[in-house]
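# Structural features, examined
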Amino acid sequence: MGEQQIRLRFAPSPTGPFHIGGARSALFNWLLARKYGGKLVLRIEDTDLERSSRESEENIKEALKWLGIDWDEGIDVGGDYGPYRQTERLPLYADYTTRLLETGQAYYCYCSEDELEAERQELMAKGEMPRYLGRCRSLSDADRVKYEAEGRKPVVRFRVPENKEIIINDLVRGTVSFDSAGIGDFVIVKSDGIPVYNYAVVLDDALMSITHVIRAEEHLSNTPRQILIYEALGLSTPKFGHISLILGADRSKMSKRHGATAVEQYRSLGYLPEAVVNFLALLGWSPSGEQEIFSAAELIAEFSVERLAKNPAVFDIDKLNWINAHYIRKASPETVLELALPHLEAAGFVQTPLAPEKRTWLTEVVATVQEYISYAAQVVDHSAIFFADKVELENEAAKEVLLDPDLSKVMAVFCAKLMALETLDEAGVQAILKSITKELKLGGKKVYMPIRVALTGQVHGPDLQRIIVLLGKERVIDRLEGTMKEVVL
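Conventions and cut-offs
Residues numbered from 1 in each chain as written. Predicted model: local features only at pLDDT ≥ 70, side-chain atom pairs only at ≥ 80, totals over all residues. Heavy atoms only, no water. Helix = DSSP H or I, 4+ residues; strand = E, 2+ residues; numbered from the N terminus. Contact = heavy atoms within 4.5 Å. Pairing = 2+ DSSP bridges. Axes fitted to C-alpha atoms, helices over the stretch in contact; angles between N-to-C directions. Buried < 20%, exposed > 50% of the residue type's maximum accessible area, 1.4 Å probe, protein only. Expected span 1.5 Å × (residues − 1). Salt bridge = Lys/Arg side-chain N within 4 Å of Asp/Glu carboxyl O. Parallel < 35°, antiparallel > 145°, perpendicular 65-115°, else oblique. Left-handed = near helix turned anticlockwise from the far one by under 90°. Phe/Tyr/Trp six-rings, centres within 6.5 Å; stacked < 30°, edge-to-face > 60°. Lys NZ or Arg CZ within 6 Å of the ring centre and 35° of its normal.

## With respect to the environment of Ala377
Note that Ala377 resides in the loop between α13 (356–369) and α14 (379–383). Here the alpha-carbon distance between Ala377 and Gly234, two residues 143 residues apart in the chain, equals 54 Å. Each residue touching Ala377, except ones within four places of it in the same chain, is listed here: Leu269 and His343.

In structure tokens form, the structure reads like this:
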């Protein structure tokens, strides 16, 4: 991407949970910085004083760290271009505002909210784009004195050049042009002296020597305003790339009704960070081949701006679950247990801290169900068979199995042989089951299936021998007897 060292930034607003779309923007910037030996800056855009919070800022940092996205400059790590929070840069913005006012490229506007709303409604009634029509563009000193005497506090508006075509050579979308006539003079500093996003972001990016701005498509409409500010101040303009929107499965903009939208929600459900990163990378970017499972190192090597998509990306939860299931199967049972423990405790299955022998047993339970789950919270449903006191039959097919006329005979022989078994292990249980098929001259299904259903209430599931070993002799026999009583009744 050129000989100059590239500098990218991720600049979230700390105003709520860290959205999955923000995580994808951070990831794409990180991948490019790492691929080309550049720098990634983490800057906090906290000029929304009412909604911004340090708690939200901490959540963003924690989510980025969890995903493995590190930064070279910014909050926490410092750097030569600080401070890295916008609220700590206010004097710097004020200097540039003074320059724009002195050169006539900005002016004070005293219009009230009511006056602006009336103007907006009038334009909409005519079928025109709502914009500021310049009522305060040429105020006299007398007008200003009058308005200030009325107690009006002005905003600062940028004076948009007339009849100017603004051309953006977007890295993702190609050439995009805007007409300045449709923009209208826009506010750059609010009446409380706080700069608006479109103004502060320009100064921050320019003064931090940001070379490439990779951000969501929804920012494309902001870009012409920002370019006008760059030009007015004689600042170097970065290269822009606007990545595709993320849509829900119904192809509407992703929202809470589509399920979890915050990174923390996926973390708490027991998704693995490497799986989330793998999935996010494929949202709006396509690799050169058919490969879908990528390590972070492979993503860095493969990633390129040229393969970023213009079209919206659909957030497919089934795809995320498929990718995460792959990583879950590769993870150690100890890792999956740690992710699942809060859910097992919430379900009332365990209490922490765990005794060593309980942890060992739980790890074996997790190893038994690991291949059946997509994320760690699902351990609860799949391991319930190891904690329940009473067997609940899952469906009619399970009930049908327990109506077999040979059921009582199979159970009686199995319980007797199990009690006589000296060492309870999978090989010993397997030997018992095989011997029953020979003694009673029954097919394997007529022996294995009734025992499975009577123990678990399910016709499918983990290896039967393993279930029996994990439950132990006493619990197995208690369950079988309890189920048999229910069948008789």
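Still more ground to cover, so stick around.
## A word on the sheet that holds strand β2 (residues 39–42)
Reading across from one edge, β1-β2-β3 is the order of the three strands in this open sheet, with parallel pairing throughout. On the outer flanks of this sheet lie β1 (7–10) and β3 (73–74), each paired with one strand and no other. The pairing of β1 with β2 spans four bridges and is parallel. Note that in β2 the partner of Leu8 across the bridge is Leu40. Helix-sheet contacts for helix α1 (residues 20–35) involve β1 and β2, and the interaxial angle to β1 is about 165 degrees.

## Observations concerning the sheet that holds strand β8 (residues 186–189)
The strand order across the open sheet built from three strands is β4-β5-β8, with neighbouring strands paired in antiparallel fashion. One side of each edge strand has no neighbouring strand; the edge strands of this open sheet are β4 (106–109) and β8. Put simply, the sheet's adjacent strands are angled 45 degrees from each other on average, direction ignored. With three bridges connecting them, strand β5 (residues 155–158) and β8 associate as antiparallel partners. Counted as the bridge partner of Phe158 is Phe186 from β8. Against the sheet, helix α3 (residues 90–102) makes contact with β4, β5 and β8, and its axis sits at roughly 95 degrees relative to β4, the strand it touches most.

## Let's talk about unusual backbone geometry
A cis amide bond, omega -5 degrees, links Gly82 with the succeeding residue Pro83. Among the secondary structure elements, Pro83 is positioned in the loop between β3 and α3. The peptide bond linking Thr352 to Pro353 adopts the cis configuration, its omega dihedral lying at 0 degrees. Examined against the element boundaries, Pro353 turns out to sit in the loop between α12 (333–346) and α13. Phi is positive for Asp76, close to 80 degrees, though the residue is something other than glycine. As for its placement among the helices and strands, Asp76 is situated in the loop between β3 and α3. Overall, the relative accessible area of 52% leaves Asp76 in the exposed class. If you check the backbone angles, Asn163 has positive phi at about 50 degrees while not being a glycine. Within the element layout of this structure, Asn163 appears in the loop between β5 and β6 (165–170).

## Some thoughts on helix α2 (residues 54–67)
Along its 14 residues, α2 runs 20 Å from first to last C-alpha, staying within 8% of the 20 Å computed at 1.5 Å per residue. As for α2, its buried residues are in contact with β1, α1, β2, α8 (263–268) and α9 (273–281). Note on α2: the residue one or two positions beyond its end, Gly68, has a positive phi of about 85 degrees.

## Things to note about the pattern of salt bridges
Enumeration over the complete set of coordinates arrives at 35 salt bridges. Among the salt bridges present, the one from Arg7 reaches Glu73, with a minimum N-O distance of 2.7 Å. Of this pair, Arg7 sits in strand β1 while Glu73 sits in strand β3; the two residues are 66 residues apart in sequence, bridging distant segments of the chain. When its relative accessible area of 7% is taken as the criterion, Arg7 is described as buried. Here Lys61 ties to Glu58 by a salt bridge, and the two come within 2.8 Å at their closest N and O atoms. Within this pair, Lys61 and its partner Glu58 are both found in helix α2, separated by three residues, close to a single helical turn. In this structure Lys61 comes out as buried when scored by relative accessible area, which is 5%. Classification of Glu58 by relative accessible area gives partly exposed; the value is 37%.

## Quick notes on the packing of helix α17 (residues 426–439) against helix α18 (residues 444–456)
Interaxial distance between α17 and α18 falls to 8 Å at its minimum, and their mutual angle equals 130 degrees. Taken together, the axes of α17 and α18 lie oblique to each other. As for how α17 packs across α18, the hand of that crossing is right-handed. Residues Gln430, Leu433, Lys434, Ile436 and Thr437 of α17 form the contact with α18, whose own contacting residues are Gly444, Val447, Tyr448 and Ile451.

## Observations concerning the environment of Tyr108
By secondary structure assignment, the location of Tyr108 is in strand β4. According to the relative accessible area criterion, Tyr108 is partly exposed, its value standing at 38%. Sequence separation between Tyr108 and Tyr96 is twelve residues, and the spatial gap between their C-alpha atoms is 14 Å. The contacts of Tyr108, once residues within four sequence positions are left out, are Leu101, Cys136, Leu139, Pro154, Val155 and Val156.

## What about the packing of aromatic side chains?
In the structure shown here, the tally under the stated rule is 13 aromatic pairs. Residues Trp285 and Phe303 carry aromatic rings whose centres are separated by 5.2 Å and whose planes lie at 35 degrees to one another, so their mutual orientation is tilted. Note that Trp285 is positioned in the loop between α9 and α10 (296–302) and Phe303 in the loop between α10 and β12 (313–314), a separation of 18 residues in sequence. Grouping residues by exposure puts Trp285 and Phe303 together as buried. For the cation-ring pair, Arg7 lies above Tyr81, with the distance from its terminal atom to the ring centre recorded as 4.2 Å. Lying across the ring of Phe186, Arg225 places its NZ or CZ 5.9 Å from the centre.

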